[in-house]
Each structure stands twice: as C-alpha cells, then as structure tokens.
Amino acid sequence: MKLNRAEILKRERFGNHALLRYRWDGGPPRPGQFVMARTEVAAFDPFLSRPLFVHDYVDGAASLLFEVRGRGTALLADKNARLMVSAPLGRGFDTGVDGPVALVGGGVWLSPLKLLSRNLDFLGADHDLYLEIPASAPEAYAAWISRTYPAATFVRTDDLQESTHVLLESLGDLSRYRALYVSGTSATLAAAKEASRSVVPAQLAVRERMACASGSCYGCAVPVWRSGVRTYARVCVEGPVFAAEALAW
C-alpha cells in the first residue's frame, strides 16, 4: 500500500474530535471509502497507519473526521504533524437507489455520511439524515455538526444504548424508505440490521482494525453469509460497506 505526502489545508479540533482537510488530486473518493493515514515521521511510531473514512471531498480537497483515541490519532491531530495518506480504498455505498432514503450516523462514526449526502444531492435523490451526538462531546463539536448537517434530525443522550434506540425510533416507519445507509458504533449497526430486516434494504459501514489494507493479512475479516454458508470477508477489500443481510452477526 502506497502512502502519499499530502498538503494539509486546515485542521480543526473540538475536544477529542478532529477534522483534517488536505489536498487530494488523485481523483474523487466514493462515499463510504476509507484511507490509511499516518504522520510523516522518521521512525515507525506507531507502526501501523490508521484507517479513516473519507468525510468529504470538494474541489480537490478531502477531509477526515475522527476521534483522538491513541497515539496514532493524536499525532494526526497535532498542529505540526505532516500527513501521509493512501488513495481511497475499499467498496463504498451503492448510491444507485431511488429515494427516499435515510442516512443514519452514530457519534463520530457519522463521518462518511457527509460525502454520501453530497453525492445524493448531486444525483437528486431525496434523503433524510438522523444523527446521534454523544452527550459527552464538547459543545463546539455539537455546534459544528449542527452547521455541517443543517437538515438533520439529532439525538443526544447520556446512555449509549438508549441513544441507539432513540436514534432508530426517530426514523419512524422504515417501510417509507427505499434504503438505509448506516455508519455508527457496533451497537448502532446491529440495531439497524435488526430493525431493517424484511422491511427495507440496509447498507452498513463496518469498522475493523486494519494492518495491510490490501487483503493480504486477513486481520480485518468479518463473518458473512455466501450462498447460505457462513464464511469471512475482508473489510478492507470486500467492504467496508456491506449489505446488512450479508453480515453473519
């Protein structure tokens, strides 16, 4: 996997949440694709790059929205760090669905939905957004998300499990939608998979730890159904977006 030096255009920080904009001239990413990102350092510390969904892409500028959780993401959020990033990877959302559709995002994992929403706007597809903001998130982050998604319905609660329930309840009758596009915590994905079963097709953006991001190491494999047989698929190649019914969990 090749990493490219990228010109950082802007960094924004909202507590433990960060937005990184950089110049990308390698062609527009597809909604739901991810990149491998790391800082440019002499020593490999940390050794592995971080997989991050592409948040947005406008006029040759891509952006990444992520939560600072460890050394790798802390370095990426540092104002003095230089960026190394891969080309967009993986299989993203299938946008060839007539509206209305619903976009559902939990916490900072809503990150790929901005590019998806922009793409659906371009296609003229009617879509609604339902987003969860953790109660622990700083007000600056909540305000930024509200500005970024002005037409969204927001849920904000202290309890993670309760917020997932309230988030899906806010969609109302799921049968009025032609498709659901979901990116969130494992609890959000599991709940959306169950709620959409036999009601509406759902596409889930799955997150897993990655090492090679080329399919060689099988470190990101998840269980899936193929022709009625339970097997495994690599999130970095066959995903990260899967049809809900294909996931064997």
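Everything below is about the structure shown above.
Let me begin by describing the structure that accompanies this report. Everything numeric here is computed off the predicted structure, so don't read it as measured data.

## Some details on the sheet that holds strand 15 (residues 241-243)
For step 1, the next point in the chain: If you walk across this open sheet you meet the six strands as 10-9-8-11-12-15, and the pairing is mixed. Only two strands of the sheet have a single neighbouring strand rather than two, namely strand 10 (153-155) and strand 15. Going across the sheet, the axis of each strand differs from the next one's by a mean of 20°, ignoring polarity.
For step 2, the next point in the chain: Relative to strand 10, strand 9 (residues 127-132) is paired through three bridges, and the arrangement is parallel. Bridge pairing links Glu132 to Val155 in strand 10.
For step 3, the next point in the chain: Of the strands in this sheet, strand 8 (101-106), strand 9 and strand 11 (179-183) touch helix 2 (residues 113-123), which is tilted by about 165° from strand 8.

## Some points on the environment of Val241
For step 1, the next point in the chain: Here Val241 shows up in strand 15.
For step 2, the next point in the chain: Accessibility expressed as a relative area gives 3% for Val241, which makes it buried.
For step 3, the next point in the chain: Excluding residues that lie within four positions of it along the chain, Val241 makes contacts with Gly32, Arg91, Gly92, Phe93, Gln203, Leu204 and Ala205.

## Digging into the sheet that holds strand 7 (residues 83-85)
For step 1, the next point in the chain: With respect to topology, seven strands assemble into an open sheet ordered 1-7-4-5-6-3-2, the strand pairing being antiparallel. Here the strands that pair on one side only, and so sit at the sheet edges, are strand 1 (4-6) and strand 2 (8-14). Taken pair by pair, the neighbouring strands of this sheet meet at an average axis angle of 35°, ignoring direction.
For step 2, the next point in the chain: Where strand 3 (residues 17-23) lies against strand 6 (residues 61-67), seven bridges are found, and the strand directions are antiparallel. Residue pairing in the sheet places Leu19 in a bridge with Leu65 of strand 6.
For step 3, the next point in the chain: Along the sheet face, helix 3 (residues 139-148) touches strand 2, strand 3, strand 5 (50-58) and strand 6 and points at about 125° away from the line of strand 2.

## Notes on helix 3
For step 1, the next point in the chain: For helix 3, the set of buried residues is Tyr141, Ala142, Trp144, Ile145 and Thr148. Along helix 3, the residues classed as buried sweep out an arc of 165° about the axis, all on the same side. Relative to its buried face, helix 3 has exposed residues pointing more than 90 degrees away, namely Glu139 and Arg147.
For step 2, the next point in the chain: Lining the buried residues of helix 3 we find strand 2, strand 3, strand 5, strand 6, helix 2 and strand 10.

The rules we used
Within every chain, residues take consecutive numbers counted from 1 along the sequence as written. Owing to the predicted nature of the model, reporting of local features is limited to residues with pLDDT of at least 70; listing and counting of side-chain atom pairs is limited to 80 or more, with chain, interface and lining totals taken over all residues. Computation of side-chain values: all heavy atoms of the structure, hydrogens and water removed. The rule for pairing is simple: two strands pair if DSSP sees at least two bridges between them. Under the DSSP-based scheme used, a helix requires at least four consecutive residues in state H or I and a strand at least two consecutive residues in state E, with every element numbered from the N terminus. The axes are straight lines fitted to the C-alpha atoms, using for helices just the contacting stretch, and the angles between their N-to-C directions are given from 0 to 180°. Only heavy atoms enter the contact rule, under which two residues are in contact if any of them lie within 4.5 Å. Only protein chains enter the accessibility calculation, which uses a 1.4 Å probe; a residue whose area is less than 20% of its type maximum is buried, one above 50% is exposed, and one in between is partly exposed. Arc definition: directions from the helix axis to the C-beta atoms.

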